[in-house]
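One-letter residues, chain by chain:
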Amino acid sequence: VRDATSDPGDARAAADADLELAFAKGGDDALAAAYARFGRVVYSFARRTVGPEVAEEVTQDVFVAAWTARDRYDPERGSLAGWLIGVARHKVTDALRAQQRVAARAERAAAFAGVAPAADAAVDQVAERLVVADGLAALRPEVREVVELAFYSDLTHEQIAERTGRPLGTVKSHIRRSLATLRRHLEGLDAAP
Amino acid sequence: MPPRDSDERELDAARDPLPRPDDTPDLSRVRRIGAAARSLDAEDRDPADPPPELWAGIADRVSSPGSDVDATGGEEAAGAAPVVPLEGRRASAAAPAAALRPGRGRRAAWWAIGAAAAAVVLVVAGAVVATREDGDAGGSTVASAELEPLPDALPGTGPGRAAVVVRDGAEELTLDATPPEAPDGFYEVWLIDTAVDGMVSLGPLRADGRYAIPDRVDVRAFPVVDVSIEPPDGEPTHSGRSVLRGVLS
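Residues numbered from 1 in each chain as written. Chains lettered and ligands numbered in written order. Predicted model: local features only at pLDDT ≥ 70, side-chain atom pairs only at ≥ 80, totals over all residues. Heavy atoms only, no water.

Once that is clear, we can look at the overall build of chain B. For chain B, the count of helices and strands is 6 helices and 9 strands. Within chain B, the proportion of its 249 residues that are buried is 50%. Counted over contacts in chain B with a minimum sequence separation of 6, partners at least 24 positions apart contribute 59%. In the structure as shown, chain B presents an accessible area of about 11200 Å², 54% of it carried by carbon and sulfur atoms. (Helix = DSSP H or I, 4+ residues; strand = E, 2+ residues; numbered from the N terminus. Buried < 20%, exposed > 50% of the residue type's maximum accessible area, 1.4 Å probe, protein only. Contact = heavy atoms within 4.5 Å. Areas by Shrake-Rupley, 256 points an atom, 1.4 Å probe, with all protein chains shown as cover.)

Shown next, in the form of structure tokens:
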């Protein structure tokens, strides 16, 4: 029997799973709960792509659109965190297109001094960074320590076990399960309408 | 080199963003994850808090009467069947309930950005349409709109109603809206296009609620009725502070 406390996510992951189901079903307060949990990530994404002044509008649009389309969210196909950022990515891309369209009007170009629209690829990168950061933050600290060595070092599993003083099996399991959790975020991102 | 097991292949992929021909979808996602993890900066790890009032705007838009976000599926406006629909537009293309919040310095930019951000979202104020002879006013109503208060409205701002009335061959906008007095400016009435890009001012809010629509202005091209608060700064463009909005249909 697997000890529940050895799961990478523990209580936060369980709460997120409940929220995902409630959101997909359109449950009472699920939108408020989703905003409470993911509002920062979505807003931060918008800030970093369309800029702080438009970020509020985009964030509102994302949650309204996500709620409208909630029956298209399937927890089997990815995390809600990823899906919301995926919805946000489309909104941001729309906003940037409009920005560029307006910028193309030569007589108004001067108004855009200082505004450097992010290219689509840059938008995708920010989206992926934010869902990965959120996924890492949700890990228990002792799991995150192991996972970060997987990303930021060249150590083998054995060396990570040695470094952290954990059994090899635990190290492998932490990494494997955490990668699965993080993959689910990207799946949500890729599945967003 | 000994064959690598699946844990080892994942660990390799987490550290190497370059795709390989035999990558499974899972492995290529691990490459993306590793690349993202290595490029995290401080703000990624500690995202900025949204302004506290942001949630209220979402809650308003999801629950406001007539917005009917639930029933629309994001595209077509539900609501009363238009008797005399405005041509050449889809109701869903308009009604960006809270899309405009420009800073006064870069108005042109924010208008368009707001439009795109709002284009997909449908928050159509419950548009009610009737063609009827207006006995006392002596005109014929060809389109109307319920105006919903927006987050930038002053407390106590109630919904309003607008109608396009044809009287003696001329179009007129009648507007029934009595927002509280704005201490820092005045109310101005606008017709805006569905791209939220072009707009026509109909002038400051009038007590008699009647606004001439210039002959050359086609309300079908500017179906969004918008009331803003304008600072008395002589700047003729929209302040971006919209307080009431609805879409004619």
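All names here are of chain A. The tally for this structure, following the rule as stated, stands at 7 aromatic pairs over all chains. Cluster of aromatic residues (ring-pair linked, three or more members): Phe23, Trp67, Tyr73 and Trp83. Over the face of the ring belonging to Trp67 we find Arg70, whose NZ or CZ atom lies 4.0 Å from the ring centre. (Phe/Tyr/Trp six-rings, centres within 6.5 Å; stacked < 30°, edge-to-face > 60°. Lys NZ or Arg CZ within 6 Å of the ring centre and 35° of its normal.)

This paragraph deals with the side chain of Ser153(A). Residue position: Ser153(A) is located in the loop between α6 (141-152) and α7 (157-164). A distance of 2.5 Å separates a polar atom in the side chain of Ser153(A) from the backbone oxygen of Leu149(A). (Polar contact = N/O pair within 3.5 Å; in protein donor to acceptor, adjacent residues only side chain to side chain.)

We now examine the nonpolar core. One finds Phe23(A), Phe45(A), Leu80(A), Trp83(A), Leu136(A) and Phe151(A) to be the most contacted residues of the largest nonpolar core, which totals 72 residues. Take this core: its biggest share by element is 11 residues, from helix α2 (residues 30-50) of chain A. Ala162(B), Leu202(B), Val225(B) and Leu248(B) belong to the second-largest nonpolar core, a separate cluster that totals 28 residues. (Core = buried A, V, L, I, M, F, W, Y, C linked by side-chain atoms within 4.5 Å.)

The next subject is the packing of α2(A) against helix α4 (residues 54-63) of chain B. For the pair α2(A) and α4(B), interaxial distance at closest approach is 11 Å and the crossing angle is 130 degrees. One way to sum up the angle between α2(A) and α4(B) is to call them oblique. Considering only the axes of α2(A) and α4(B), their crossing is right-handed. Side by side, α2(A) and α4(B) meet where Leu31(A), Ala32(A), Tyr35(A) and Tyr43(A) of the first sit next to Leu54(B), Trp55(B), Ile58(B) and Val62(B) of the second. Partitioned by chemical class, the residues of the contact of α2(A) with α4(B) number 8 nonpolar, no polar and no charged. (Axes fitted to C-alpha atoms, helices over the stretch in contact; angles between N-to-C directions. Parallel < 35°, antiparallel > 145°, perpendicular 65-115°, else oblique. Left-handed = near helix turned anticlockwise from the far one by under 90°. Nonpolar A, V, L, I, M, F, W, Y, C, P; charged D, E, K, R; others polar.)

Interpretation in functional terms is not warranted from these geometric data alone.
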